[in-house]
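For reference, the chains in residue letters:
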Amino acid sequence: MEFDFGAVLVDWRLLAKGVAWTIGLTAIATVIGMVVGVACAWARSSGPAWLRWVVGTYVELIRNTPFIVQLFFIFFGLPAAGVKLTPETASIIAMVANLGAYATEIIRAGIEATPKGQIEAAVSLALNRMQVFLRVVLPPALKKVWPAMVSQIIIVMLGSAVCSQISVEDLSYAANLIQSRNFRAFEAFIIATLIYLALSIGLRRLLNWAGPKLFFGR
């Protein structure tokens, strides 16, 4: 068997477009998903009982169902209720919901590890509950759990490959389209695998560098 990677790389523009879509989806899902995770972590740790129950139900529902089922429900199921979404919008919603649920539990673990004395000291300085959470509790909590959060963001990025099933033109879509044209499936998916590997390594390094600067003041 002869390999011909050139037959795949000749469509580099299609691969580049797929990489751009993968990075774009991941970036949007990461920002919004982190906000959702922080809000829900606060709700589960300090919110009223009814809100803790609502957030807990959301977290358990997402964490115990496959991502592809969540994606299909949003894209194929919601139109039955009159909510029609583009493939890209459905993918972002699914990725945000997925990351938000896992981020909730990761961040909550960091919050619960915050020493009580630290919180009491902040209250003694006349800070209100929101100030205590945002300035005293959240930064050290994120610092404790940041490695786990980075890993979860990468998992979500890799999981975005299934978004090609609803015609999002991401990297896996590009690889599949190329191999359907030239029948070089081995070469197409080897190249896609290497690109995903490079994206994962690059994203991990970026987040490990940016996280301390953005959240921890270092």
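What counts and what doesn't
Residues numbered from 1 in each chain as written. Predicted model: local features only at pLDDT ≥ 70, side-chain atom pairs only at ≥ 80, totals over all residues. Heavy atoms only, no water. Helix = DSSP H or I, 4+ residues; strand = E, 2+ residues; numbered from the N terminus. Contact = heavy atoms within 4.5 Å. Areas by Shrake-Rupley, 256 points an atom, 1.4 Å probe, with all protein chains shown as cover. Buried < 20%, exposed > 50% of the residue type's maximum accessible area, 1.4 Å probe, protein only. Expected span 1.5 Å × (residues − 1). Arc of directions from axis to C-beta. Salt bridge = Lys/Arg side-chain N within 4 Å of Asp/Glu carboxyl O. Phe/Tyr/Trp six-rings, centres within 6.5 Å; stacked < 30°, edge-to-face > 60°. Polar contact = N/O pair within 3.5 Å; in protein donor to acceptor, adjacent residues only side chain to side chain.

### Observations concerning the overall build of the chain
If you tally the helices and strands in the chain, you get 9 helices and 0 strands. Scanning the chain from its N terminus toward the C terminus, one meets helices and strands in the order α-α-α-α-α-α-α-α-α. By sequence separation, contacts in the chain at least 24 residues apart represent 78% of the contacts at least 6 residues apart. Of the roughly 11,700 Å² of accessible surface on the chain, 68% is carried by carbon and sulfur atoms.

### Notes on the environment of Val-35
Take Val-35: it is sitting in helix H2 (residues 12–46). For Val-35, a relative accessible area of 54% translates into the label exposed. Along the backbone, Val-35 and Gly-100 are 65 residues apart, and their C-alpha atoms lie at a distance of 7.7 Å.

### A short note on helix H8 (residues 171–182)
The end-to-end C-alpha distance of H8, which contains 12 residues, comes to 17 Å, matching closely the 16 Å that a straight helix rising 1.5 Å per residue would cover. Among the residues of H8, Leu-171, Ser-172, Ala-174, Ala-175, Ile-178 and Gln-179 are the ones counted as buried. Down the axis of H8, the smallest arc covering the buried residues is 160°, so these residues share one side. Of the residues flanking the end of H8, it is Phe-183, one or two places downstream, whose phi is positive at about 60°.

### Considerations on the pattern of salt bridges
This structure, assessed with the given rule, holds 6 salt bridges. Residues Arg-44 and Glu-105 are paired through a salt bridge, measuring 2.8 Å at the closest nitrogen-oxygen approach. Highlighted residues: Arg-44 in helix H2 and Glu-105 in helix H5 (residues 87–112), separated in sequence by 61 residues. A relative accessible area of 16% means that Glu-105 is categorised as buried. Arg-184 is the partner of Glu-187 in a salt bridge, and the nearest nitrogen-oxygen pair spans 3.1 Å.

### A word on the packing of aromatic side chains
Both the distance between ring centres and the angle between the ring planes are used here to describe each pair of aromatic rings. Under the defined criterion, the tally for this structure stands at 4 aromatic pairs. Note on Phe-3 and Phe-186: the rings are 4.9 Å apart at their centroids and 25° apart in plane angle, and the pair reads as stacked. Of this pair, Phe-3 sits in the segment before helix H1 (6–9) while Phe-186 sits in helix H9 (residues 185–215), and the two are 183 residues apart along the sequence. Since its relative accessible area comes to 45%, Phe-3 is described here as partly exposed. With a relative accessible area of 43%, Phe-186 lands in the partly exposed category. Each ring, one from Phe-75 and one from Phe-76, has its centre 4.9 Å from the other, and the planes form 75°; the classification is edge-to-face. The exposure class assigned to Phe-75 is buried, which follows from its relative accessible area of 17%. Cluster of aromatic residues (ring-pair linked, three or more members): Phe-3, Phe-5 and Phe-186.

### Quick notes on the side chain of Ser-172
Along the chain, Ser-172 turns up in helix H8. Polar contacts involving the side chain of Ser-172 include one to the side chain of Ser-164, which spans 3.1 Å. A distance of 3.1 Å separates the side chain of Ser-172 from the side chain of Asp-170, its partner in a polar contact. When near neighbours in sequence (up to four residues on either side) are disregarded, Ser-172 contacts Ala-161, Ser-164 and Tyr-196.

### Some thoughts on unusual backbone geometry
Phi angles above zero are rare outside glycine, and Ser-167 is one such case at about 75°. Residue position: Ser-167 is located in the loop between helix H7 (129–159) and H8. For Phe-183, which is not glycine, the phi dihedral falls at a positive 60°. If you trace the backbone, Phe-183 turns up in the loop between H8 and H9.

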